[in-house]
Protein chains: 2
Amino acid sequence: MPKDTFLNLPKEKQERIIDAAIDEFATHSFHQARVTAIAEQAEIAVGSFYQYFEDKMDLFKYLMEAVVQKKISYINRDTMENKGKYPFFQLLREAFSSGIRFAKENPRLLPIGLMLMKDKALYREIFGEHVDKGIDFFRQMLEEAKAQGEIDPAIDPRLAAHMIAGMTFSLSDFVYADGKVDQDDMAIIDQMLYIVENGLKKK
Amino acid sequence: MPKDTFLNLPKEKQERIIDAAIDEFATHSFHQARVTAIAEQAEIAVGSFYQYFEDKMDLFKYLMEAVVQKKISYINRDTMENKGKYPFFQLLREAFSSGIRFAKENPRLLPIGLMLMKDKALYREIFGEHVDKGIDFFRQMLEEAKAQGEIDPAIDPRLAAHMIAGMTFSLSDFVYADGKVDQDDMAIIDQMLYIVENGLKKK
DNA sequence: GGCGAATATGAATTCATGTTCACATGAAGC
DNA sequence: GCTTCATGTGAACATGAATTCATATTCGCC
């Protein structure tokens, strides 16, 4: 949590610092990111940085929590609250589509999120022991869908959950690497879902 | 490339060093891995390390090249040489199955490979500019399969290639995380392929 | 056994970076 | 204008790790 000194800062200055941090963490891993670089780009003294945050990790956690909040804000509230009412593949579509909207509108946050997801030790340090929230989320959805007879009973929900979680990465990587956000996004999602759906659906 | 001094070492000592390196790189990223720790575990002086290798990267590249060779050795030679003759989904099965056999028989190499694949900057430094060899490989296979009418013409081979490459990760992660190599491996692969096949196949 | 070259050694050096701290600045109240 | 207090500053310090280097040891050969 940043110190009060930071929170008391004029919004403009706060933003300059956050922006600098995003730039640094988007292009370097947590360990390789330099406090000095952030201070330089934000045009503050290094000493000031430590008036605002306990240390580098303090800033990073703050950033990540903000990113998670932002990410969550992209999920349709109704879908969230009435999960039980919708068919599995529709929920999945919503999950993918909110993900791609987030990626499209926050291109600089995407690589930071990807890096974090790929560094399990770091992830654990920030969000605690339970490393695979995403996989758990999909697994649970899959188990319910299986109970509802929506998907092929032969499917192992754990394996499928891993696959789907992996796919959200592929999607992010695809979007990020090729910058293919300009082509019809929903077409990409639908193609992916089409593949997944044909694979999982009860025949 | 290690120096001659290393190559002249008795096999036993070479192995001690390589083993120590594998342990270190399996539990730490390249940047976090410590030369000192490797030297300690191998019971050589830090100075000796630099008699054997130019620097940390030199050792790491050497290791990675060995890993790639080993990985390749798991691919069925006949499949490699007569790629054109086999149907796409059979090739895919072979690719997955060689991957899982490799993972099973080299559990300590798996996390190193995973880490490398996830760190694109590092990957580039070791294998050169062309970061996505795996994706390219699948894309090419998919394009040929599409031309042969094996897969749904609506599929974008680039997207599907990303998905399949991502899936090989999911598979590795799954195998690595849960240590689920004891359950019937081919059953896992077949389930994954079943999903993929139903998703991609020409209807 | 004596000799030189190759190899082994780990303390010392270098370097990069996070963090601290003594001092500077400026705004608010008197 | 003076005092106080919060905030700003960047040089100095602490740390940790890669790399070097002067010295010791080993090994093959005569």
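A quick note: this is a predicted structure, and the numbers were derived from the prediction, not measured.

Before going further, it helps to spend a moment on the protein's contact with DNA strand D. Of all residues adjacent to DNA strand D, which total 18 residues, the nearest are A:Gly47, A:Gln51, A:Tyr52, B:Ala33 and B:Tyr50. Taking A:Lys13, its side chain carries an N or O atom lying 3.4 Å from a phosphate oxygen of DNA strand D. Side-chain polar atom of A:Ser48 to a phosphate oxygen of DNA strand D: 3.2 Å apart, as the coordinates give it. Of all the elements in the fold, those that place two or more residues in the surface near DNA strand D are helix 1 (4–8) and helix 4 (46–52) of chain A together with helix 3 (35–42) and helix 4 (46–52) of chain B. The element contributing the most residues to the surface near DNA strand D is helix 4 of chain A, with four residues. Looking at the surface near DNA strand D residue by residue, the class counts come to seven nonpolar, seven polar and four charged.

Moving on: the domain arrangement of chain A. Residues and elements named next belong to chain A. Entries for chain A in the domain assignment read domain 1 (4–64) and domain 2 (76–200). For domain 1 and domain 2, the distance between their C-alpha centres works out to 30 Å. Counting from both sides, the interface comprises 13 residues of domain 1 and, opposite them, ten residues of domain 2. Both faces considered, domain 1 and domain 2 share a buried interface measuring about 1,000 Å² in area, 76% of it formed by carbon and sulfur atoms. At the junction of domain 1 and domain 2, the tally comes to two salt bridges. Salt-bridge contacts for Asp23 lead to Arg108; the nearest nitrogen and oxygen are separated by 2.6 Å. Among the secondary structure elements, those contributing two or more residues to the side of domain 1 that touches domain 2 are helix 2 (11–27) and helix 5 (56–73). The element contributing the most residues to the side of domain 1 that touches domain 2 is helix 2, with six residues. Among the residues making up the side of domain 1 that touches domain 2, the classes are represented as seven nonpolar, three polar and three charged.

Bringing the packing of helix 8 (residues 109–118) of chain A against helix 9 (residues 120–127) of chain A into the picture now. All names here are of chain A. Helix 9 packs onto helix 8 with a crossing angle of 100° between their chain directions and a minimal axis gap of 5 Å. On the basis of the axis angle, helix 8 is roughly perpendicular to helix 9. In contact with Leu116, Met117 and Lys118 of helix 8, helix 9 contributes Lys120, Leu122, Tyr123, Ile126 and Phe127. Taken together, the residues of the contact of helix 8 with helix 9 break down into six nonpolar, no polar and two charged.

Attention now goes to the environment of A:Tyr62. Residues and elements named next belong to chain A. Residue placement: Tyr62 occurs in helix 5. The sequence separation of Tyr62 and Leu92 amounts to 30 residues, and the corresponding C-alpha distance is 29 Å. Excluding residues within four positions of it along the chain, Tyr62 makes contact with Pro2, Phe6, Leu7, Ile18 and Phe53.

Below, the discussion takes up the relation of the copies chain A and chain B. In the superposition of chain A on chain B (RMSD 0.1 Å, axial shift 0.1 Å), the rotation amounts to 180°. Accordingly, the operation relating the two chain copies is best matched by a two-fold axis. The residues that chain A uses at the interface reappear at the interface of chain B in 100% of cases, marking a shared surface.

How each quantity is defined
Residues numbered from 1 in each chain as written. Chains lettered and ligands numbered in written order. Predicted model: local features only at pLDDT ≥ 70, side-chain atom pairs only at ≥ 80, totals over all residues. Heavy atoms only, no water. Near = heavy atom within 4 Å. Polar contact = N/O pair within 3.5 Å; in protein donor to acceptor, adjacent residues only side chain to side chain. Helix = DSSP H or I, 4+ residues; strand = E, 2+ residues; numbered from the N terminus. Nonpolar A, V, L, I, M, F, W, Y, C, P; charged D, E, K, R; others polar. Domains from an automatic or database assignment. Contact = heavy atoms within 4.5 Å. Buried area = accessible area lost by both parts, 1.4 Å probe. Salt bridge = Lys/Arg side-chain N within 4 Å of Asp/Glu carboxyl O. Axes fitted to C-alpha atoms, helices over the stretch in contact; angles between N-to-C directions. Parallel < 35°, antiparallel > 145°, perpendicular 65-115°, else oblique. Least-squares fit on C-alpha atoms with pLDDT ≥ 70 in both.

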